[in-house]
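Below, each chain spelled out in residue letters.
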Amino acid sequence: MPKFTPLALFTLAAALSGGCTHTSNPSPEPEQEQWVDIFNGKNLDDWTIKIAGYPLGENALNTFGVKDGKLIVNYDEYDTFQGRNGHIFYNQPLSHYKVKVEYRFVGEQAEGAPDWAWRNNGIMYHAQSPESMALEQGYPACMEVQLLGGNGTDERHTSNLVTPGSHAVYNGELRTDHIIESTSKTYHGDQWVSAEVEVHGNELAIHRVEGEEVIRYSGMQLDDGTPLTEGYIALQAESAPIEFRSVKLLNLKGCMDQTATNYKSYFVADAPDACQY
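Summary of the structure given here. All residue numbers refer to positions counted from 1 along the written sequence of the respective chain. In keeping with the model being predicted, local features are shown solely for residues with a pLDDT of at least 70 and side-chain atom pairs are shown and tallied solely at 80 or more, while totals for entire chains, interfaces and linings include all residues. Each side-chain value is derived from all of the structure's non-hydrogen atoms; neither hydrogens nor water enter the calculation.

1. Some words on the state of the cysteines
Inference 1: For the purposes of this analysis, a disulfide is any pair of cysteine sulfur atoms at a distance within 2.5 Å. Using the criterion set out here, one finds 1 disulfide in the structure.
Inference 2: Each disulfide pairs two cysteine sulfurs, and for Cys255 the partner residue is Cys275, the sulfurs being separated by 2.0 Å. With the S-S bond torsion at 95°, the cross-link from Cys255 to Cys275 turns out right-handed. With Cys255 in the loop between strand E18 (253-254) and strand E19 (269-270) and Cys275 in the segment after E19, the pair connects residues that are 20 residues apart, well separated along the chain.
Inference 3: What makes Cys255 buried here is its relative accessible area of 1%. A helix here means a DSSP run of H or I that spans at least four residues, while a strand means a run of E at least two residues long, and both kinds are numbered starting from the N terminus. Under the scheme applied here, a residue whose accessible area is under 20% of the maximum for its type counts as buried, over 50% as exposed, and between as partly exposed, the area being computed with a 1.4 Å probe on protein chains only.

Printed below as a string of structure tokens:
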């Protein structure tokens, strides 16, 4: 019989024990946020276009495109705007998440567009599906993070709350205003700006600009009072040329069992079926 040193006996016992006992291996970095680039910088895969007056999926006059790794909205092929509001939808409904974009306004507004739409875009969230929109429908029912550019002189807040077909509770009061302004700075010219929205079902939404909170609200709902607990993300085409060099998503719904390998401490909504062991 071979002789074993005490260390060898301890190693052998540990190996045998490990072979007979199931041990979960939680994520070594549960606090590390797993952001996903939902725009890949190459094409518009995973996105669906809907422009008022055109069938689902038709990119009329090449309104949306990809240039130099950026998702762009442009009006180079338009003679006049003619109310052709458009949106490009990410192909996945979500309920609890963060969306962060880096954007800048560039160039001149499309001819024939209203003055209020100058350097005006938006991150639509909890939106109805693009498939459910009517042919001539200009905007999905949703909540909107309004993105605005400055004119070089006047104050013009960005990341305001806009409510197309919807309402929200702001400062404890159900508001039916179409626009509730944020406290953001004004961003003039063609500079890049970082905007983020954090959404917890219909319980909470926070807008941030350059990492600073500029507005928060709750009770997101349709005009008829139906709670808006989930929906689609979309970016606008509202007559202002704009570029997005980054569109990122952080899902806040996932496995909240701390013994699971895919547990994350920042999840705010549980998805037990997603747990991995």
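Additional details are given in the paragraphs that follow.
2. Some words on the environment of Val197
Inference 1: Position of Val197 among the secondary structure elements: in strand E13 (residues 193-200).
Inference 2: Residues Val197 and Ile123, spaced 74 residues apart in sequence, show a C-alpha to C-alpha distance of 8.5 Å.
Inference 3: Here Val197 is in contact with Tyr97, Lys98, Val99, Tyr125, Val145, Ile206 and His207, once residues within four sequence places are set aside. The contact definition used throughout considers only heavy atoms, calling two residues in contact when any of these lie within 4.5 Å.

3. Things to note about the packing of aromatic side chains
Aromatic ring pairs: the centre-centre distance and the angle between the two ring planes describe each pair.
Inference 1: Stacked, tilted and edge-to-face are the three classes applied to pairs of Phe, Tyr and Trp rings, where Trp contributes its six-membered ring and a pair requires centres within 6.5 Å; stacked means planes under 30 degrees apart, edge-to-face means over 60, and tilted covers the rest. Per the counting criterion, the structure on display carries 5 aromatic pairs.
Inference 2: Aromatic pair Trp47 and Tyr90: ring centres 5.5 Å apart, planes at 55°, arrangement tilted. Of this pair, Trp47 sits in strand E2 (residues 47-51) while Tyr90 is found in strand E5 (residues 86-90), placing the two residues 43 residues apart along the sequence. Each member of the pair Trp47 and Tyr90 is classed as buried.
Inference 3: Each ring, one from Tyr75 and one from Phe81, has its centre 5.9 Å from the other, and the planes form 75°; the classification is edge-to-face.

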